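A look at the structure
Residues per chain are reported as follows:
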Amino acid sequence: MREAAHAGRIAAFPAQVVSSEATRAVRRPLCDTPPGPAERKSTTREPIIQESEASEPEATRRDAGATESSRANRGWWDRNADEYQIEHGTFLGDDRFVWGPEGLDEVEAELLGPPEGLKGRDVLELGAGAAQCSRWLTAQGARPVALDISHRQLQHALRIGGSFPLVCADAGALPFADGSFDLACSAYGALPFVADPRQVLREVRRVLRPGGRLVFSVTHPIRWAFPDEPGPEGLSVSASYFDRTPYVEQDDEGRAVYVEHHRTLGDRVRDVVASGFRLVDLVEPEWPVWNTSEWGGWSPLRGNLIPGTAIFVCERSEMGAPPAEGCGRD
């Protein structure tokens, strides 16, 4: 189905009931790429502001399934994409590939491999937002496809421009043929927001070619034990690290308008292995001296004391994906 996605327009596919893959900010990890040095370019050309929600949602911890999570996060990003791009456009730039708020850049990290080795490679970006990472990949000679659950986020990708396909779809049901890509990547997209991460990982494995690599970054699981605050108040443990109850924002009628799912570090490793991948590396970026920015709960104060981002470098196992029940805790 890959031929259905053409550069210059958004190919839309129906939302599935399997999982959500919205990307985001605030309590909410950032969308696709994080803040960098102050001199980065702004992406705030001709913003169009949509109306915000009438009232502030209630934040709670409760169960939220795949369908509810997907619907809530799709709606949240469609409503908040404009504000997000205006607020963070200067940090994001137009064509950077940064793995987290610490500012770890793919140019230096080479987690997808040496830049010169990306030429001619087919790459799937999950939770692409305004597709900054895909724009960088294009500059290296790769052939990216930028996928996001939010149509409005992808409209910002159109606004900035690019010669690669944009696809609006759920990461739990990828609209691509088996073996379509050499690489897949997700910088704070998809995985933090799905109720069933193994479904997404199995789908990514399916569309990767033998030996294909997946690299994804998420909020470091230890952060769930601390308040989401950048100052000293964010340095005291306030919740159990082992509480997997989703973080939910809901409206006055109890309908979820935003959902984020917690997995422990061990859960993430088991998810990767149970979905048919081999874990090659686990990167926990340290906070660099040059980065003086605050981004939601990320800050130099916290970044120098506790990790904020976990990056999983995985390769498609040729031993075959285990059965759906996998191993460990679901």
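Treat the numbers as computed from the prediction; the structure is a model and nothing was measured.

Observations regarding helix α3 (residues 132-139)
- Of all eight residues in α3, six are buried; the element is thus mostly enclosed.
- At its buried positions, α3 is contacted by α1 (66-92), α2 (106-109), β3 (122-126), β4 (143-148), α4 (151-160) and β6 (181-187).
- At the exit of α3 stands G141, carrying a positive phi of roughly 95°.

Some thoughts on the sheet that holds strand β9 (residues 256-260)
- Taken in spatial order, the three strands of this open sheet run β2-β8-β9, and their pairing is antiparallel. Strands at the two margins of the open sheet, each flanked by one partner only, are β2 (58-61) and β9. Neighbour-to-neighbour, the strand axes of this sheet turn through a mean angle of 20°, independent of strand direction.
- Bridge count for β2 against strand β8 (residues 247-250) is four bridges, and the pairing is antiparallel. Note on β8: the bridge partner recorded for T60 is V248.
- Seen against the sheet, α1 touches β8 and β9 and runs at an angle of roughly 105° to β9.

Examining the pattern of salt bridges
- One pass over the full model with this rule turns up 19 salt bridges.
- Two residues, D182 and R121, come together in a salt bridge whose shortest N-O distance is 3.7 Å. Of this pair, D182 sits in strand β6 while R121 sits in the loop between α2 and β3, and the two are 61 residues apart along the sequence.
- Given the relative accessible area of 16%, D182 is considered buried.
- For R198, the salt bridge identified is with D271, shortest N-O distance 2.8 Å.

Quick look at the pairing of β9
- With respect to burial, β9 is a largely interior element, five of its five residues being buried.
- Bridge analysis of β8 against β9 gives four bridges, and the strand direction is antiparallel. By the bridge assignment, Y247 is partnered in β9 with E260.
- Here β8 folds back onto β9 in antiparallel fashion, the turn holding five residues, of which G254 has a positive phi close to 85°.

Examining the confidence of the model for the protein
- Residues with a pLDDT of 70 or more make up 80% of the protein, whose mean pLDDT is 85.
- Predicted confidence is poor over residues 1-8, with pLDDT under 50, and the contacts of this stretch with residues over four places away or in other chains come to 24 contacts.
- Low pLDDT (under 50) marks residues 325-330, which in the prediction has 17 contacts with non-local residues, meaning those over four places away or in another chain.

Describing the packing of aromatic side chains
- On inspection of all chains with the given rule, the structure shows 12 aromatic pairs.
- One aromatic cluster is present, built from ring pairs that chain together W76, W77, Y84, F193, Y247, Y258 and W295.

Details of unusual backbone geometry
- Here E110, not a glycine, exhibits a phi torsion of approximately 55°, which is positive.
- The partly exposed category is assigned to E110, whose relative accessible area is 36%.
- The phi dihedral of A131 is positive, around 65°, even though this residue is not glycine.
- By the element assignment, A131 lies in the loop between β3 and α3.
- The class for A131 is buried, based on a relative accessible area of 0%.

Cut-off values and rules
- Residues numbered from 1 in each chain as written.
- Predicted model: local features only at pLDDT ≥ 70, side-chain atom pairs only at ≥ 80, totals over all residues.
- Heavy atoms only, no water.
- Buried < 20%, exposed > 50% of the residue type's maximum accessible area, 1.4 Å probe, protein only.
- Helix = DSSP H or I, 4+ residues; strand = E, 2+ residues; numbered from the N terminus.
- Contact = heavy atoms within 4.5 Å.
- Pairing = 2+ DSSP bridges.
- Axes fitted to C-alpha atoms, helices over the stretch in contact; angles between N-to-C directions.
- Salt bridge = Lys/Arg side-chain N within 4 Å of Asp/Glu carboxyl O.
- pLDDT = per-residue confidence, 0-100.
- Phe/Tyr/Trp six-rings, centres within 6.5 Å; stacked < 30°, edge-to-face > 60°.

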